[in-house]
Each structure stands twice: as C-alpha cells, then as structure tokens.
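Breakdown of the fold
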Amino acid sequence: MKLSLLYQPLVPTSASPYRLVDEHRQEVTWVNEFLDAQRIRQLSLRSLRAYGYDLLHFARWWLQRPTRPLLEMDESTLIQYVRDQLDEQSKPTPQTINHRLGVLRSLYRYHSGHPLPAGPCHFERSYITRPPLGYGRSHRAIASGLRLKQPRRLIVPLSAAEVAKFWNSFRTFRDLGLIA
C-alpha cells in the first residue's frame, strides 16, 4: 500500500490541512482524526506537518507488519519500530526518533484514552526537576517510556580574531547600531 501526505489548504479551519491518504486517495482515518484533534488544539501548521510526516513514516512501517489493531500497540512495538529506524540506510537523528515516539504515544492516548502500556519491556529514566521560582531543593523524578539519548550540543565560541573580523565587517553606524 502506498501512502502519502497531502496538503489541502481549502478545508474547514477545524480540520487539519494535512491529510494522510492511500494510493486510491482514501483517507487513513486513524491518523486524520488525530491530526484534526491537534488542529482543534490550535497547533501551528508546521507542527501539524511534522506530526503528519511522523505518522506517515509510522503508518508505512505499521502496514508492512502483520495486521494488528492500533490499540494492541505497546512499548515493545515501539522498540521494534526504533530498531527498524536505526537499521535504515539513512539513520534519523535521536531527536527525530524521540519526536516520533512522542507523537505515537499521543496518538495512542488519543484513541484509547489511556497511556501506552509497558508490555514486556520496561524503560525507566530519572531526571532532575527544578523547583518553581528557584526556591527549594531539586529532586529526582522517574519517567517511563523508551527515549533515545540525545548528544548534547557543544557551542564553540569564536576566537578573538573571528570576533574582530565580525565587528570590522560593518561599514556604517546604522549596521553597528543594529547589532549593538
């Protein structure tokens, strides 16, 4: 089955303009109902587009598997989905995979009314919560669910020569005033 994500700008404002359809232009209802609900929540069009492409990727993967109802999905299904993504020729970044997993958890919660069940695999991670307004002690909290470790971005500062070159590149006081 060939799936695609279409942009239809002439839909009612309560419906998502991004629609997942098959090769016969029949809508994939379990995805489009979720996208419509996100549109009602006033998500931006860019977020809807990102959700649509994440769900397109998952739907293509899901339909290659033996047919199971969507509500039978659990964390072990997500583990297999992540494994298959990491085995792809062009691997997605951990940030992309984590975004897809978040969208799938939201999709499951939307259709079932409860969080994704753990299944035979349990993933727990701890993180530190900061107190509101900086008053009090921080403490550890535990979150469940699969999530890939994202590498921290390292910001390399400019050298003194690069900073001097940057400041010398301005020709007018107007340019200096905009930057300052």
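Focus: the environment of Phe 173
Here Phe 173 shows up in helix H6 (residues 173–179). The exposure class of Phe 173 is exposed, given its relative accessible area of 74%. Sequence spacing of Phe 173 and Thr 13 is 160 residues, and the spatial spacing of their C-alpha atoms is 47 Å.

Examining unusual backbone geometry
One non-glycine residue, Arg 25, lies in positive phi territory at about 65°. Residue placement: Arg 25 occurs in the loop between strand S2 (18–21) and helix H1 (29–40). The class of Arg 25 is exposed, set by a relative accessible area of 60%.

A few points about the confidence of the model for the chain
Looking at the chain, the pLDDT average stands at 88 and 93% of residues meet or exceed 70. Strand S4 (residues 139–144) is the least confidently modelled element of the chain, averaging 68 in pLDDT, while S2 averages 96, the highest of any element.

Here's the deal with the side chain of Ser 16
Assignment of secondary structure puts Ser 16 in the loop between strand S1 (4–7) and S2. Of the polar contacts made by the side chain of Ser 16, one reaches the backbone nitrogen of Tyr 18; its length is 3.2 Å. Not counting chain neighbours up to four residues away, the residues in contact with Ser 16 comprise Val 11, Leu 35, Asp 36, Arg 39 and Leu 48.

With respect to the pattern of salt bridges
Here the structure, examined in full by the defined rule, presents six salt bridges. Between Arg 19 and Glu 27 there is a salt bridge, with its nearest N and O atoms 3.1 Å apart. In this structure, Arg 105 and Glu 75 form a salt bridge, with 3.4 Å as the shortest nitrogen-oxygen distance. Here Arg 105 is found in helix H4 (residues 94–112), whereas its partner Glu 75 is found in helix H3 (residues 75–86), with 30 residues between them in sequence. Note on Arg 105: relative accessible area 18%, which makes it buried. Within this structure, Arg 19, Glu 27 and Asp 36 form a network of salt bridges that share partners.

Reading the values: rules and limits
Residues numbered from 1 in each chain as written. Predicted model: local features only at pLDDT ≥ 70, side-chain atom pairs only at ≥ 80, totals over all residues. Heavy atoms only, no water. Helix = DSSP H or I, 4+ residues; strand = E, 2+ residues; numbered from the N terminus. Buried < 20%, exposed > 50% of the residue type's maximum accessible area, 1.4 Å probe, protein only. pLDDT = per-residue confidence, 0-100. Polar contact = N/O pair within 3.5 Å; in protein donor to acceptor, adjacent residues only side chain to side chain. Contact = heavy atoms within 4.5 Å. Salt bridge = Lys/Arg side-chain N within 4 Å of Asp/Glu carboxyl O.

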